[in-house]
Amino acid sequence: MLPFTIEPTTSPTPADARDAALVDPGFGKLFTDHMVVVRYDEAKGGWYDAKVTARAPIPMDPASSVLHYAQEIFEGMKAYKLSDGSTALFRPDANARRFNESATRMAMPHVPKDLFVESVEQLVRIDSQWFPKVEGGALYLRPFMFASEVFLGVRPAKQYLFITIASPVGAYFKGGIAPVTIWVSQHYTRAAPGGTGAAKCGGNYAASLVAQAEATAQGCDQVVFLDAAEHKWVEELGGMNLFFVFDDGSIITPPLTGTILPGITRSSIIDLARAQGMTVSEQPYSIDQWQADAESGRLRETFACGTAAVVTPVGTVKSPQGSFTIGGNQSGPVTASLRSALVSIQRGDAADPHGWVHRIG
Ligand SMILES: *Cc1c(COP(=O)(O)O)cnc(C)c1O
């Protein structure tokens, strides 16, 4: 693997200022002292110059191609302090694999898995003093890659930067694990067949923001997208996958047909639910059925999941046609039990039969 040059910052955040900031870190607004930068140049034969360095602005030419054609992908993952004091990542191999699937879709080069995981580990090691001490706290890691070639022609770029930054985080939603209210987007879709819905690219988020703003204006926490072709099937939230829990103990989650982001939390929840004896089917679920089942009581719970917020109950669904609640707008027992099963493994408090916890030595 590429050797890493380690250049610790010459002006680290003073310990007292850092510890004060870590008391209430919020989400994504506080950053550690370092970053990892790796460069790619087709003419140099690929990846070169891997560096752990002081976190700083990136000088950028105004013709850098990402600023024009948006060749950019990212990952979101967390490092946790385990109860025994050690540090671990959760399924980093899965993030590396998905990153490269996103890269393929966006005509970008792959980052070798070892280089991806080592970049993240290097950053967690050098910024190990940045774990928040708060309940549910973690070090959120954001590996990303973008086209840095200075060129306005339309074709895949020949130069890229792969950077990882870290942000100490508390709980994602301010209300803790209180149920969220979601808005059904009428005018906007997130992803279409053949598009980039399964890739974790910034462009998908750009396209979702107007719908999220509409949800916020309607007093909702999040937006839920329906499929682009029929405007009927429930897909996912702007950044979280959905699960539906029924009175017979069965669970449905929408299938990965290319328009839904294959969440690592989603995949872990499917495994955990099956291990608890529940039947999980990946099958389409319509917005009308969702409302009918919520109203009849056949649907007991709905929850959303993703790395940032882990597992969040959905209590109310609003649209211009009206609104409905699920399970009396309360968080339900299956949501709580799956959340706790997952969090216990992530925090090293439960056995890890799947080998998901990746300790950093
Ligand atoms: C990242 C993301 C998710 C959740 O994926 P996790 O791997 O569970 O964090 C879900 N939907 C979208 C659109 C995403 O970008």
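None of these values were measured; they are calculated from a predicted model.

Digging into the domain arrangement of the protein chain
The accessible area lost on association of the parts is a frequent measure of interface size.
Stage number 1. Along its sequence, the protein chain is organised into domain 1 (4-169) and domain 2 (180-346).
Stage number 2. Using C-alpha coordinates to define each centre, domain 1 is positioned 28 Å away from domain 2.
Stage number 3. Listed as interface residues are 19 residues of domain 1 and, on the opposing side, 20 residues of domain 2.
Stage number 4. Summed over both sides, the interface between domain 1 and domain 2 buries roughly 1600 Å², with carbon and sulfur atoms accounting for 61% of that surface.
Stage number 5. Among the residues of domain 1 in contact with domain 2, F74, F90 and R98 are the three that bury the most area, contributing 36% of the side total.
Stage number 6. At the junction of domain 1 with domain 2, the criterion picks out zero salt bridges.
Stage number 7. In this structure, the connection of domain 1 to domain 2 is made through eleven residue pairs in polar contact (both at pLDDT 80 or more).
Stage number 8. The set of elements that each furnish at least two residues to the side of domain 1 that touches domain 2 consists of β4 (72-74), β5 (77-81) and α3 (92-105).
Stage number 9. Ranked by residue count, the leading element in the side of domain 1 that touches domain 2 is α3, at five residues.
Stage number 10. For the side of domain 1 that touches domain 2, the residue count by class is ten nonpolar, three polar and six charged.

Details of the site of the ligand
Stage number 1. Around the ligand, 15 residues are found, and the nearest of them are K200, Y205, E236, T265 and T307.
Stage number 2. One of the side-chain N or O atoms of R98 is found 2.8 Å from an oxygen atom in the ligand.
Stage number 3. Expressed as a share of its isolated accessible area of 380 Å², the protein-covered part of the ligand is 97%.
Stage number 4. Split into classes, the residues belonging to the shell around the ligand amount to four nonpolar, seven polar and four charged.

Looking at unusual backbone geometry
Stage number 1. Look at A70: it is not a glycine, yet its phi comes out positive at around 60°.
Stage number 2. Position of A70 relative to the elements: it lies in the loop between α2 (66-69) and β4.
Stage number 3. Even without glycine at this site, H231 takes up a positive phi of about 55°.
Stage number 4. Within the element layout of this structure, H231 appears in the loop between β10 (222-226) and β11 (234-237).
Stage number 5. Classification of H231 as partly exposed rests on a relative accessible area of 30%.

Some words on the packing of α3 against helix α4 (residues 113-126)
Stage number 1. Look at α3 against α4: their axes get within 9 Å of each other, and the N-to-C directions meet at 125°. Judged by the angle between their axes, α3 and α4 are oblique. Considering only the axes of α3 and α4, their crossing is right-handed. Contacts from P92, D93, N95, A96 and F99 of α3 reach α4 at K113, F116 and V117.

Calculation notes
Residues numbered from 1 in each chain as written. Predicted model: local features only at pLDDT ≥ 70, side-chain atom pairs only at ≥ 80, totals over all residues. Heavy atoms only, no water. Domains from an automatic or database assignment. Contact = heavy atoms within 4.5 Å. Buried area = accessible area lost by both parts, 1.4 Å probe. Salt bridge = Lys/Arg side-chain N within 4 Å of Asp/Glu carboxyl O. Polar contact = N/O pair within 3.5 Å; in protein donor to acceptor, adjacent residues only side chain to side chain. Helix = DSSP H or I, 4+ residues; strand = E, 2+ residues; numbered from the N terminus. Nonpolar A, V, L, I, M, F, W, Y, C, P; charged D, E, K, R; others polar. Near = heavy atom within 4 Å. Areas by Shrake-Rupley, 256 points an atom, 1.4 Å probe, with all protein chains shown as cover. Buried < 20%, exposed > 50% of the residue type's maximum accessible area, 1.4 Å probe, protein only. Axes fitted to C-alpha atoms, helices over the stretch in contact; angles between N-to-C directions. Parallel < 35°, antiparallel > 145°, perpendicular 65-115°, else oblique. Left-handed = near helix turned anticlockwise from the far one by under 90°.

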